Amino acid sequence: MHKNSIAALQSGGGAALSSSTLFADLRALFKAPVLIANVLPVFTGFWLALYFTDVSIKDYWGVFLLTVIGSTLVMAGALVINNWYDVDIDTVMDRTKNRPTVTGHFSLKMVLTLGISLSIIGFILLLFTTVEAAVYGFVGWFTYVILYTMWSKRRYTLNTVIGSVSGAVTPLIGWTAIESGFHIIPIMLALILFIFQMPHTFAIAIKKYDEYKAAGVAMLPVVYGLPMTKRQMVVYVACLLPLPFYLAPLGTTFVVLATLLNIGWLAVSISGFFTKNDLKWAHVIFLYSVNYITIMFLMMIIVTLPVFR
């Protein structure tokens, strides 16, 4: 998997690191923004399960901590293993060339051991909640590490579809720690996350087109070009339009605001057909998508707070 040019990194790390450098390295190794972004849907799924089963979080503090900590460790383990495996292409891309696996600050052996250890501990913690939550945690881990990172990322443009599954299971982990996942609410949450990740990832791929091309990563705009990517982005965003109506139990306010967010995103996506600056447009899509998913899942929590009941 690894190229000869980076083989030397496997034997040891770099020199002693300052605390600031160590913090930056750990932040890059765990992909902190991605990790934090995936914890919110876990919490939202857990919170909504409490709401719809009419129980208080005060009675489930232990389960809550096990769910959040366990899922976070599983996701962190998967992200660390991704860094270990992708070290060769990370050396090519500007956005990843400062990761500690590339600089040699952390040995690859240590990184792999850390990724596996975090994953195992996370699975054990999730098993103390429910088997179903642990199963969804494993589905997300296996999809991201094996099917996405090791199999499809460098070979097929469908890597984005496959990778999106791993993010989509996060609310299911939270929900099933309390209640069975065979319920319209967690299923819709997972579907929103799955669809959202497609245009979100395509926007990143457009922004980093040259880097993905140089690294040989089979992203849609690299393989099939920008016109095809723009068309698919519009289709995926349009698929989000009916989903808020399946979440009607969250109230009219949520449905209306979520629909407005969807319409706004669709309008911005369609504007890509007329833009003269694809990079600027892709950046707008990226920012909209990040704010979109954050607002959506925070709204789900806010409209179900006791004061709003």
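Provided above is the structure to which this section pertains.
Just so you know, the residues in each chain are numbered from 1, in the order the chain's sequence is written. Reporting of local features is limited, given that this is a predicted model, to residues whose pLDDT is at least 70; pairs of side-chain atoms are given and counted only at 80 or more, and all residues count toward the totals for whole chains, interfaces and linings. Excluding hydrogens and water, the side-chain values take into account all heavy atoms of the structure.

Novice: Looking at this structure, how should I read a nonpolar patch on the surface?
Specialist: A surface patch of nonpolar side chains, amounting to about 380 Å² of accessible area, comprises Leu-127, Val-131, Val-135, Val-139 and Val-165. Mapped onto the elements, Val-139 comes out in helix α7 (residues 131-152). Relative accessibility thresholds used throughout: buried, under 20% of the residue-type maximum; exposed, over 50%; partly exposed, between the two (1.4 Å probe, protein chains only). For Val-139, a relative accessible area of 31% gives the class partly exposed. Here, patches come from residues exposed beyond 30% relative accessible area and free of salt bridges, joined within 9 Å for like charges and within 5 Å for nonpolar side chains (Val, Leu, Ile, Met, Phe, Trp, Tyr). Here, Shrake-Rupley sampling with a 1.4 Å probe gives the accessible areas, and only protein chains in the shown set may cover a residue. We define a salt bridge as a side-chain nitrogen of Lys or Arg found within 4 Å of a carboxyl oxygen belonging to Asp or Glu. Runs of H or I in DSSP of at least four residues are treated as helices and runs of E of at least two as strands, each being numbered from the N terminus.

Novice: Is there a simple way to think about the packing of helix α8 (residues 159-168) against helix α10 (residues 184-207) in this case?
Specialist: How two helices sit against one another is set out by the angle between their axes and by the gap between those axes. Note on definitions: angles span 0 to 180 degrees between N-to-C directions of axes, and those axes are lines fitted to C-alpha atoms, for helices only across the stretch in contact. Packing of α8 against α10 brings their axes to within 8 Å, and their N-to-C directions diverge by 135 degrees. With respect to α10, the axis of α8 lies oblique. You can see that α8 and α10 cross each other, and the crossing is right-handed. Residues Thr-160, Val-161, Gly-163, Ser-164, Val-165, Gly-167 and Ala-168 of α8 form the contact with α10, whose own contacting residues are Ala-190, Leu-193, Phe-194, Gln-197, Met-198, Thr-201 and Phe-202. Orientation labels follow simple angle bins: below 35 degrees gives roughly parallel, above 145 gives roughly antiparallel, 65 to 115 gives roughly perpendicular, and whatever is left gives oblique. A clockwise turn of the near helix away from the far one marks a right-handed crossing, whereas an anticlockwise turn of less than a right angle marks a left-handed crossing. Contact definition: two residues touch when any of their heavy atoms are within 4.5 Å.

Novice: For this particular structure, what's the right way to read the packing of aromatic side chains?
Specialist: One pair of aromatic rings is described through two measures. These are the centre distance and the angle between the planes. Two rings belonging to Phe, Tyr or Trp (six-membered ring only in the last case) form a pair when the distance between their centres is within 6.5 Å. Interplanar angles under 30 degrees mark stacking, angles over 60 mark edge-to-face geometry, and anything in between is tilted. Per the stated rule, a full pass over the model turns up 17 aromatic pairs. Plain terms: the ring middles of Tyr-51 and Phe-52 are 5.0 Å apart, the flat faces sit at 90 degrees to each other, and that makes the pair edge-to-face. Accessibility expressed as a relative area gives 22% for Tyr-51, which makes it partly exposed. On the basis of an interplanar angle of 75 degrees and a centroid distance of 6.1 Å, the ring pair of Phe-123 and Trp-141 is categorised as edge-to-face. Linking Phe-123 in helix α6 (residues 108-127) with Trp-141 in helix α7, this pair joins segments that are 18 residues apart in sequence. According to the relative accessible area criterion, Phe-123 is buried, its value standing at 17%.

Novice: In this structure, what is going on with the pattern of salt bridges? I would like to understand it.
Specialist: Note on pairing: side chains with opposite charge can pair once their charged atoms come close. Per the counting criterion, the structure on display carries 6 salt bridges. Between Arg-99 and Asp-90 there is a salt bridge whose closest N-O contact spans 3.1 Å. A relative accessible area of 13% places Arg-99 in the buried class. Of the charged contacts, one joins Lys-97 and Asp-94 as a salt bridge, the two residues approaching to 3.5 Å between their closest N and O atoms. Each member of the salt-bridge network shares a partner with another, and the members are Asp-86, Asp-88, Lys-153 and Arg-154.

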